[in-house]
Amino acid sequence: MADQIPLYPVRSAAAAAANRKRAAYYSAAGPRPGADRHSRYQLEDESAHLDEMPLMMSEEGFENEESDYHTLPRARIMQRKRGLEWFVCDGWKFLCTSCCGWLINICRRKKELKARTVWLGCPEKCEEKHPRNSIKNQKYNVFTFIPGVLYEQFKFFLNLYFLVISCSQFVPALKIGYLYTYWAPLGFVLAVTMTREAIDEFRRFQRDKEVNSQLYSKLTVRGKVQVKSSDIQVGDLIIVEKNQRIPSDMVFLRTSEKAGSCFIRTDQLDGETDWKLKVAVSCTQRLPALGDLFSISAYVYAQKPQMDIHSFEGTFTREDSDPPIHESLSIENTLWASTIVASGTVIGVVIYTGKETRSVMNTSNPKNKVGLLDLELNRLTKALFLALVALSIVMVTLQGFVGPWYRSLFRFLLLFSYIIPISLRVNLDMGKAVYGWMMMKDENIPGTVVRTSTIPEELGRLVYLLTDKTGTLTQNEMIFKRLHLGTVSYGADMMDEIQSHVRDSYSQMQSQAGGNNTGSTPLRKAQSSAPKVRKSVSSRIHEAVKAIVLCHNVTPVYESRAGVTGETEFAEADQDFSDENRTYQASSPDEVALVQWTESVGLTLVSRDLTSMQLKTPSGQVLSFCILQLFPFTSESKRMGVIVRDESTAEITFYMKGADVAMSPIVQYNDWLEEECGNMAREGLRTLVVAKKALTEEQYQDFESRYTQAKLSMHDRSLKVAAVVESLEREMELLCLTGVEDQLQADVRPTLEMLRNAGIKIWMLTGDKLETATCIAKSSHLVSRTQDIHIFRQVTSRGEAHLELNAFRRKHDCALVISGDSLEVCLKYYEHEFVELACQCPAVVCCRCSPTQKACIVTLLQQHTGRRTCAIGDGGNDVSMIQAADCGIGIEGKEGKQASLAADFSITQFRHIGRLLMVHGRNSYKRSAALGQFVMHRGLIISTMQVCHHIHHVPSVLLSAGPGREAGDGDAVPGAVQGPHQEEGTEAQRLSPEPKDAEERRVLGRTPLQAWGHQSE
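Residues numbered from 1 in each chain as written. Predicted model: local features only at pLDDT ≥ 70, side-chain atom pairs only at ≥ 80, totals over all residues. Heavy atoms only, no water.

> It is not clear to me how the overall build of the chain should be interpreted in this structure. Could you clarify?
Per the secondary structure count, the chain includes 33 helices and 34 strands. Counting all 1017 residues of the chain, 49% fall into the buried class. Intrachain contacts of the chain at a sequence separation of at least 6 include 72% that bridge at least 24 residues. Of the accessible surface of the chain, which amounts to about 48300 Å², a share of 55% is contributed by carbon and sulfur atoms. (Helix = DSSP H or I, 4+ residues; strand = E, 2+ residues; numbered from the N terminus. Buried < 20%, exposed > 50% of the residue type's maximum accessible area, 1.4 Å probe, protein only. Contact = heavy atoms within 4.5 Å. Areas by Shrake-Rupley, 256 points an atom, 1.4 Å probe, with all protein chains shown as cover.)

> What exactly am I supposed to notice about the packing of helix α11 (residues 372-399) against helix α12 (residues 405-415) here?
For any two helices packed against each other, the geometry comes down to the angle between their axes and how far apart the axes lie. Closest axis-to-axis distance for the α11/α12 pair is 9 Å, and the angle between their directions is 135°. With respect to α12, the element α11 is oriented oblique. Note that α11 runs across α12; the crossing there is right-handed. Where α11 abuts α12, its residues L388, V389, S392, I393, M395, V396 and Q399 lie against W405, S408, L409, F412 and L413. (Axes fitted to C-alpha atoms, helices over the stretch in contact; angles between N-to-C directions. Parallel < 35°, antiparallel > 145°, perpendicular 65-115°, else oblique. Left-handed = near helix turned anticlockwise from the far one by under 90°.)

> Where do I start with the pattern of salt bridges in this structure?
One side chain can pair with another of opposite charge once the charged atoms of both are near each other. For the coordinates displayed, the defined rule picks out 25 salt bridges. K114 is the salt-bridge partner of E128, the closest N and O atoms lying 3.9 Å from each other. Of this pair, E128 sits in the loop between β1 (116-119) and α5 (145-154) while K114 sits in the loop between α4 (84-107) and β1, placing them 14 residues apart in sequence. The exposure class of K114 is partly exposed, given its relative accessible area of 42%. Across the pair K432 and E457 runs a salt bridge whose closest N-O atoms are separated by 3.7 Å. Residue K432 is found in helix α13 (residues 423-440), and its partner E457 is found in the loop between β14 (449-450) and β15 (464-467); the two are separated by 25 residues along the sequence. (Salt bridge = Lys/Arg side-chain N within 4 Å of Asp/Glu carboxyl O.)

> Looking at this structure, I do not really get the sheet that holds strand β7 (residues 275-279). What am I missing?
The pairing of strands in a sheet comes from backbone hydrogen bonds and takes either a parallel or an antiparallel form. If you walk across this open sheet you meet the three strands as β7-β6-β12, and the pairing is antiparallel. For this open sheet the edge positions go to β7 and β12 (340-341), each flanked by a neighbour on one side alone. Pairing of strand β6 (residues 261-265) with β7, which is carried by five bridges, proceeds in the antiparallel orientation. The partner of R265 across the bridge, within β7, is W275. (Pairing = 2+ DSSP bridges.)

> What is the right way to read helix α6 (residues 157-168) from this model?
Two residues of an α-helix separated by three or four positions point the same way, owing to the 3.6 residues in each turn. Taking 1.5 Å of rise per residue, 12 residues should cover 16 Å, and α6 covers 16 Å from first to last C-alpha, within 8% of that figure. What α6 keeps buried is the set L158, N159, Y161, F162, I165, S166 and S168. Tucked into the core, α6 has its buried residues touching α5, α7 (180-212), α11, α12 and α13. (Expected span 1.5 Å × (residues − 1).)

> Would you take a moment to explain the sheet that holds strand β30 (residues 814-819) for this structure?
Strand order in the open sheet formed by nine strands is β14-β34-β33-β32-β15-β28-β31-β30-β29, and the pairing between neighbours is mixed. Only two strands of the sheet have a single partner each, and these edge strands are β14 and β29 (788-791). In the sheet, strand β32 (residues 869-873) pairs with strand β33 (residues 887-891) via four bridges, with the strands oriented parallel. If you follow C870 over to β33, its bridge partner there is C887.

> How do you make sense of the packing of aromatic side chains when you look at a structure like this?
For any two aromatic rings, the description comes down to two numbers: the centre-to-centre distance and the angle of the planes. One pass over the full model with this rule turns up 18 aromatic pairs. Arranged with centres 5.0 Å apart and planes meeting at 50°, the rings of W119 and Y299 form a pair that is tilted. Separated by 180 residues along the polypeptide, W119 in strand β1 and Y299 in strand β8 (residues 298-302) bring together distant segments of the chain. In this structure, K125 is placed above the aromatic ring of W119, and the distance from its NZ or CZ to the ring centre is 4.5 Å. (Phe/Tyr/Trp six-rings, centres within 6.5 Å; stacked < 30°, edge-to-face > 60°. Lys NZ or Arg CZ within 6 Å of the ring centre and 35° of its normal.)

> What am I meant to see in the confidence of the model for the chain here?
Detailed conclusions should not be drawn from predicted coordinates in areas where pLDDT is low. Looking at the chain, pLDDT values average 77 and 77% of them are 70 or higher. Across the chain, β15 holds the top mean pLDDT of 94, while helix α2 (residues 40-44) sits lowest at 36. Ignoring residues within four places in sequence, the model shows residues 1-82, a span with pLDDT below 50, making 119 contacts including any to other chains. Per-residue pLDDT stays below 50 along residues 955-1017; that stretch engages in 90 contacts with residues further than four places along the chain or on separate chains. (pLDDT = per-residue confidence, 0-100.)

> I would appreciate a short explanation of a nonpolar patch on the surface in the present structure.
A cluster of nonpolar side chains, F188, V192 and M430, forms an exposed patch at the surface whose accessible area comes to about 270 Å². In this fold, V192 is placed in helix α7. (Patch = residues over 30% accessible without salt bridge, like charges linked within 9 Å, V, L, I, M, F, W, Y side chains within 5 Å.)

> It is not clear to me how unusual backbone geometry should be interpreted in this structure. Could you clarify?
Note: most residues except glycine have negative phi, and most peptide bonds are trans. Even without glycine at this site, S338 takes up a positive phi of about 75°. For S338, a relative accessible area of 23% corresponds to the partly exposed category. For D813, which is not glycine, the phi dihedral falls at a positive 50°. Looking at where D813 falls in the secondary structure, it is placed in the loop between α24 (798-809) and β30.

> It is not clear to me how the nonpolar core should be interpreted in this structure. Could you clarify?
In a soluble, globular protein the nonpolar side chains are often hidden away together inside. Grouped together as the largest cluster of nonpolar side chains are 42 residues, with contacts concentrated most on L483, I498, V545, L550, W597, L605 and L615. Top contributing element to this core by residue count: helix α16 (residues 537-550), with seven residues. Setting aside its immediate chain neighbours within four residues, V545 contacts I498, V502, W597, T598, V601 and L603. Counting 39 residues, the second largest nonpolar core, distinct from the first, contains W763, L837, V858 and A871. (Core = buried A, V, L, I, M, F, W, Y, C linked by side-chain atoms within 4.5 Å.)

> Sorry, what's going on with the pairing of strand β27 (residues 733-744) here?
Looking along a regular strand, one sees side chains alternate from face to face of the sheet. The buried fraction of β27 amounts to nine of the 12 residues, a majority that puts the element mostly inside the structure. Relative to β27, strand β16 (residues 474-484) runs antiparallel, the two being bridged by seven bridges. Bridge assignment links H484 to a residue of β27, and that residue is L737. Taken together, the seven bridges between strand β26 (residues 686-695) and β27 define a ladder with antiparallel strand orientation.

> Any chance you could explain the pairing of strand β10 (residues 325-329) here in plain terms?
Of the strand pairs in this sheet, strand β9 (residues 314-318) and β10 are connected by five bridges, and their pairing is antiparallel. Following the sheet pairing, F316 is matched in β10 by E327.

> Got a minute to help me understand the environment of V667 in this structure?
Within the secondary structure layout, V667 lies in the loop between α18 (660-663) and α19 (673-682). Residues V667 and M656, 11 residues apart in the sequence, show an inter-C-alpha distance of 10.0 Å. Once residues lying within four places of it in the same chain are set aside, the contact partners of V667 are L673, A691, M732 and L734.

> Would you mind showing me how to read the packing of α6 against α7 here?
Two elements in contact, α6 and α7, have axes separated by 9 Å at closest approach and are oriented at 145°. The chirality of how α6 crosses α7 is left-handed. Between α6 and α7, the residues in contact are F162, L163, I165, S166 and C167 and Y182, W183 and L186, respectively. Of the residues contributing to the contact of α6 with α7, the split by class is seven nonpolar, one polar and no charged. (Nonpolar A, V, L, I, M, F, W, Y, C, P; charged D, E, K, R; others polar.)

> What is the right way to read the side chain of D646 from this model?
Looking at the secondary structure, you find D646 in strand β24 (residues 639-646). Here D646 is buried and forms no salt bridge, its nearest opposite-charge partner K546 lying at an N-O distance of 4.2 Å. Only 2.8 Å separates the side chain of D646 from the side chain of S648, close enough to count as a polar contact. (Lys, Arg positive; Asp, Glu negative; His and termini not counted. Polar contact = N/O pair within 3.5 Å; in protein donor to acceptor, adjacent residues only side chain to side chain.)

> What should I look at first to understand the environment of S900 in this one?
For S900, the location among the structural elements is in helix α29 (residues 898-902). When the C-alpha positions of S900 and G875 are compared, they lie 8.4 Å apart, and in sequence the two are 25 residues distant. Apart from the residues within four sequence positions on either side, S900 is in contact with R451, G890, I891, E892 and S906.

> What is the right way to read the side chain of N212 from this model?
Tracing the chain through its elements places N212 in helix α7. Not counting residues up to four positions away in its chain, the partners in contact with N212 are N133, S134, I135, K228, S229 and S230.

> In this structure, what is going on with the environment of S648? I would like to understand it.
When you line up the elements, S648 lands in the loop between β24 and β25 (652-658). For the pair S648 and F625, spaced 23 residues apart in sequence, the C-alpha separation works out to 8.3 Å.

This is the structure we're talking about:
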């Protein structure tokens, strides 16, 4: 890869001169503060200057302002395109678009987003005006529909040429046929296009109206009132029932659940089908009645609206208490718009509405897609038009510019218009409609829907396929496969042995507890003072299974089958422990799989709330644990933990599990963890390292005070909280290593292999964790077993990105795995270089990508490579990517139909994409290309016949008209056939003056060349 990319890819002498000037500027800048110190980048590689990426002239560049480099990559691309060719082809369009964009920005300046203070139930106290809470996905309105559609049609030269030709027939001197022969085909094309756009626009209007008209209960001083979703304002207290969509971004205040928490479904926001646990603000949850929310004076301080759906910082303050109550707010206290309440009834205060909600900010506007074949025909039409003008000039020259030659020139343009036949557009549109009908009627891919009938041939010209992971490549169903204890490994066929060990260990513990009447605390002290001995396999399995069943965020949910109304009702977990009605809900399917596995081996999670957890042993005994602290998983920490107290022994234990890269420095020294993690990863398993640490009461009290203080901080809260937690993460005891397999969709591997053999490069864009995405890339054979994987480390600055890109450039034939944060930094400073390197990789995996980042990656590939892209997904978080791609494919799956409705093509399974691209896409492209060539060649043949006929047979046809005709008369010849298909002699009759005397008849009896010879004599 490094051999194929020049160190300084200079495209022109101007660019080289600019680089030399930039280098001279930096070298002449003089010593900077800290420039004399030895840079850590120079220490890494003394010959780094040989491998520097472009834009980096010297190491002193790291000391410069980062803003100097923001526009350099784009400037280089635009510099290559400057010139006469660029201006003639695309420059005028670019300049017009830039001017229009500048005027629009002047007229519609974006309001600066700021942090806000929201008083509970008092919208009138808002200091600023906030946008309406309405959703609008329409592209046009009543006034812009017709101009907008006409602009989209006539911005192409082909349609504009037909319009000019048709309008010329209104001029009597240029009329050569009936108006309907020109306006009927053009009107048919415009009518079909406008009808299709009107239907699509009306459907979008209906969907928006349905969403904006949904009724919600608003809590006021006088009680509950019904309001439309579009009438909700910042500060309103909104009540959302179970299975109802959350209308706006809110802070979670109260719930009907006794635990003070609820579950929400976020599949249309982040693409994850698992339920998320949300926690109500404790201050408002403890209020006796719902109406007490208006009896307190409280407000929420929220950060300014942003696109990140995984983070939130704010505070809740109650002023009327003594002292005032301050409570920190995080992502677990929020309810984002477009999510669904899965359990209970929730009450929240609205903090963001309309365009400022997370879901709208992560959604891009739809665009009108044009096929590459249409663009190529448009360019070919320009070339044929130039040939048409040249041929008409030649014919006028052969006539000797007699009389009003410019009128004859335009008539020749009309006469030879067969070269660009108006039937070309009609034939292509009808052909595309037939291709779409054939796709939907194919029995091998049932359920396929063609929603955009103008780009079927794009399916056969794709170079890049960008796919989602969850629900697209995988079924999102996890199965526990392996447990490794260091000295022994248990596979799927050895679970019976684990079950017997768990049953024996708890039977032994129960017998010891029955025979020992002393307290558990002295027993614990005696055990802690005893010398450490090697634990038996049975005790190690017992501790590992216990850690797995305690360290998670899973909640058991019990379904009551005897419902009066027939609806599913959920009761508290401690009311019914029957195994038949129990289901598990969590934010990650991995954790559900782990808890289900512990149930299969005998240790069952039967109840959980915010403060307690209950387990059932194989003998039926119920063990109670108190949850003291919970540390959720984050993309930065790559681990989660929990501190619990055993109510029977009063032992406090800190359990933690996470990725091997995050847990290796935390656990005690071992010689098997790294090797076994690699072995499981090669098998496509998702690995988790489980560890624990015993805490004394004094240690926990000290930690709790520091942790509470850190959570109340408004500045660098996440850093302070992480620092406090890390104080506990030292010398933890390694318990086990787990392996979970994510089930792939049917025939994913052969489908991906077929697409790679066809020359299509596949990129996987997912919002999931890096480790999960890497495992799926291996198990699906997106990355072959023989290929290396380069994991792009986390970078936060231009210097770190520079070094990591240099390291990546030295790799050969390896797949790239990069996170969304690192990708953002690389694109900020080295956009062109990064895309150039990534496009040479056999596969690219981008993890932790937001919906906007997915769309940005698609746009970058289009701009830097000029190749056709296709995006495929099944969730609401894939809509932006699907709309940005040249061809969007949606899958109707578990995550709803939002992606399939926004896509150009909708399928039911990922394996159908093989036949859709390889058979229908290829055939549509070949047929459209053949049809276009046939129509154009037919026009060229007819025009050639007209030219030859005009040169050799003009005089005889003119003599038949008789005398009395004036030169340049535009009237039609009596008895002649009208329209563009009339006899060529009749057309030529109006293109030349008629004879007035015998001498002129004698001259015109010759060919035009003979006539010129006679005149010269």
